[in-house]
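Given next are the chains, with one letter for each unit.
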Amino acid sequence: MMTYAQFKNGPVRWILAALDPIFLEALDVTQSYAFFRKAIVMLNDSEANRGCFVKAARRYAGVCSPGERELLKGVLLLTDFAHVADEISAGEAYGNMTRCGGDFRLAYAACVVNAGW
């Protein structure tokens, strides 16, 4: 099992940095999967930036590598945006895990395991 410290220092950093530095900052200042989820939801729902996380994820999904896309979908599940993961993969969000390996697969698994907490 991947601890939150391992998660936040792994490949998810690349994903969040590519989305927007504000999301990477949310990762850095939070100390658990649950607080990270809450921070992302609050950023996405803020009046000044309504929908910013979802918009960034949709944009990035069109340009990232297959492995990054799988981890992005895991991050979307973790942060309560599974519907966006379904959208960017035409309803097959969790059917192509062979594209995700190594540290990306471990980080994806951490997202899935911690999505309900």
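Residues numbered from 1 in each chain as written. Predicted model: local features only at pLDDT ≥ 70, side-chain atom pairs only at ≥ 80, totals over all residues. Heavy atoms only, no water.

1. Here's the deal with the pattern of salt bridges
One side chain can pair with another of opposite charge once the charged atoms of both are near each other.
Stage number 1. For the structure on display, the rule yields three salt bridges.
Stage number 2. For Arg13, the salt bridge is made with Asp28, and the minimal N-O distance between the two is 2.7 Å. Taken together, the residues Arg13 in helix H2 (residues 12-19) and Asp28 in helix H3 (residues 21-29) connect sequence positions 15 residues apart.
Stage number 3. Residue class for Asp28 comes out partly exposed when judged on its relative accessible area of 36%.
Stage number 4. For Lys73, the salt bridge goes to Glu70, with nearest N and O atoms at 3.1 Å. Residue Lys73 and its partner Glu70 are both found in helix H6 (residues 66-78); the two are separated by three residues, about one turn of the helix. (Salt bridge = Lys/Arg side-chain N within 4 Å of Asp/Glu carboxyl O. Helix = DSSP H or I, 4+ residues; strand = E, 2+ residues; numbered from the N terminus. Buried < 20%, exposed > 50% of the residue type's maximum accessible area, 1.4 Å probe, protein only.)

2. With respect to H2
Stage number 1. Residues of H2 that are buried: Val12, Ile15, Leu16 and Leu19. Each buried residue of H2 sits inside an arc of 90 degrees when the element is viewed along its axis, so together they form one side.
Stage number 2. The elements touched by buried residues of H2 are helix H1 (4-8), H3, helix H4 (33-45), helix H5 (52-61) and H6. (Arc of directions from axis to C-beta. Contact = heavy atoms within 4.5 Å.)

3. As for the packing of H4 against H5
Stage number 1. Where H4 meets H5, the axes come as close as 6 Å, and the angle between the chain directions of the two elements is 95 degrees. One finds that H4 runs roughly perpendicular with respect to H5. Each of Ile40, Leu43 and Asn44 in H4 lies in contact with H5, whose residues at this interface are Cys52, Phe53 and Val54.
Stage number 2. Split into classes, the residues belonging to the contact of H4 with H5 amount to five nonpolar, one polar and no charged. (Axes fitted to C-alpha atoms, helices over the stretch in contact; angles between N-to-C directions. Parallel < 35°, antiparallel > 145°, perpendicular 65-115°, else oblique. Nonpolar A, V, L, I, M, F, W, Y, C, P; charged D, E, K, R; others polar.)

By themselves, these figures tell us nothing about what the structure is for.
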